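Descriptive analysis of the structure
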Amino acid sequence: MQQLIRISEVFAPHHPEILKRLGIDGAKKLGAEYFLFQHDTSVPAADEPYAIFVGWRMPVHHAWPCNPEKTVDFVEKSCLALERKFSAASPQSILVGPLIAGSPNPHYRKLAAQLRARALQLFAPLPASRDPESQDPARPTLFALLGREGLFCGLASPRECRGFHPGGSKFISRSAAHSISRAGAKIAEALHFIRLDHPPLPEQARWLELGASPGGMTAELLHRGCHVTAVDRAPMDPRIADHERLEFFPENAATFVPPRDASYDALLCDLNGDAHDSLAAVLQLLRCLRDGALIVFTLKTHKLGTLDEIVGLHQSISHRATTAGLKPVAQTHLTYNRNEFTLFWKK
Ligand SMILES: C[S@@+](CC[C@H](N)C(=O)[O-])C[C@H]1O[C@@H](n2cnc3c(N)ncnc32)[C@H](O)[C@@H]1O
């Protein structure tokens, strides 16, 4: 079977090595981040250490390698083929995206929108066609990606593909009125992503945030209605410092003692510095998290050079967290991450 995976451009110098370690031969590169290849089983396997580099993964049930710009009636012909092949399977939605997500050339974004609109006319009404956020993570959606290499489609659930949107990227504005830094988009994307594997947290959830300054992520949590207890040696941005739902402790996270009787629904750790020190700070605060609390941990890998160092650090951090009793929920390299990964655990 043909499969399509996405590996962020951040790892471009390592792409050939990552594919080799994943046991993928003869992959064809599509756009800057996608790889199309033939493989009997779904790749990568869940326990494969190099899986952490793979964002989106999709079985390709229908491919039309062509140059859409030079193909007469590309949209109509594509949609008729999709309707013939997939309408009996009753997907919950049809979602189409460009193979080059952030491209300044809007051509393929517009073509994707046209293709989706026409396909939806041909299929019987689909339950989640209005809003991608309303998809059931476990039900099949017809996902399609297109670019100058052609059209690649798969019928699979958002959970299998690791995203609610084709390619896994959700557009999140980084200039929203409440935003005070680009970090806000990371927690927004993390909370969107984790709905694949975890029910949404209540709006008024109480968050404990380690490494909060200047407050990009804090601002996003406050905007969502959450209560935040933030800890950082550095100060918070004056735009949020006096927010009524923010409690700020200008302290060392490693020795922070929360207020008596504090009980949090979630913990966010974005401390920079040594990852094992950051995890130690999280572990010493587990007692003030309620059972089932969600932990979002940014694993920083900026100072690491080789792939083996990155994978080794990820494995030792994961092992230490599970040994301390945390349950792994998910892990990913978010679109808004650079040299870091986002790990999710549950207490
Ligand atoms: C990547 S920045 C955090 C960015 C922040 N999450 C945001 O959204 O704006 C990392 C922060 O960790 C803080 N930090 C690192 N080690 C710390 C420690 N031991 N105690 C308190 N703060 C620490 C730094 O002061 C820095 O502000």
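Not measured: the values here are computed from a predicted model. (Residues numbered from 1 in each chain as written. Predicted model: local features only at pLDDT ≥ 70, side-chain atom pairs only at ≥ 80, totals over all residues. Heavy atoms only, no water.)

What about the sheet that holds strand β3 (residues 34–38)?
The strand order β2-β3-β1-β4 describes an open sheet built from four strands, whose pairing is antiparallel. For this open sheet the edge positions go to β2 (28–30) and β4 (54–60), each flanked by a neighbour on one side alone. Neighbouring strand axes in the sheet, compared pairwise and without regard to direction, differ in orientation by 25 degrees on average. Summarising the sheet, β2 and β3 pair through three bridges and their orientation is antiparallel. Bridge pairing in β3 links Lys28 to Leu36. (Pairing = 2+ DSSP bridges. Helix = DSSP H or I, 4+ residues; strand = E, 2+ residues; numbered from the N terminus. Axes fitted to C-alpha atoms, helices over the stretch in contact; angles between N-to-C directions.)

Description of the domain arrangement of the protein chain
Here the protein chain is described as being made up of domain 1 (2–168) and domain 2 (183–346). A C-alpha centroid distance of 30 Å is found between domain 1 and domain 2. With 20 residues of domain 1 at the contact, the number on the domain 2 side is 21 residues. When domain 1 packs against domain 2, the two sides together hide about 1,900 Å² of surface, and 61% of this comes from carbon and sulfur. Counting every contact that joins domain 1 to domain 2 gives four salt bridges. With a closest N to O distance of 2.6 Å, Arg162 and Asp197 form a salt bridge. The interface formed by domain 1 and domain 2 holds six residue pairs in polar contact (both at pLDDT 80 or more) in total. With three residues, helix α1 (residues 15–21) is the largest single contributor of residues to the side of domain 1 that touches domain 2. In terms of residue class, the side of domain 1 that touches domain 2 is built from 10 nonpolar, five polar and five charged. (Domains from an automatic or database assignment. Contact = heavy atoms within 4.5 Å. Buried area = accessible area lost by both parts, 1.4 Å probe. Salt bridge = Lys/Arg side-chain N within 4 Å of Asp/Glu carboxyl O. Polar contact = N/O pair within 3.5 Å; in protein donor to acceptor, adjacent residues only side chain to side chain. Nonpolar A, V, L, I, M, F, W, Y, C, P; charged D, E, K, R; others polar.)

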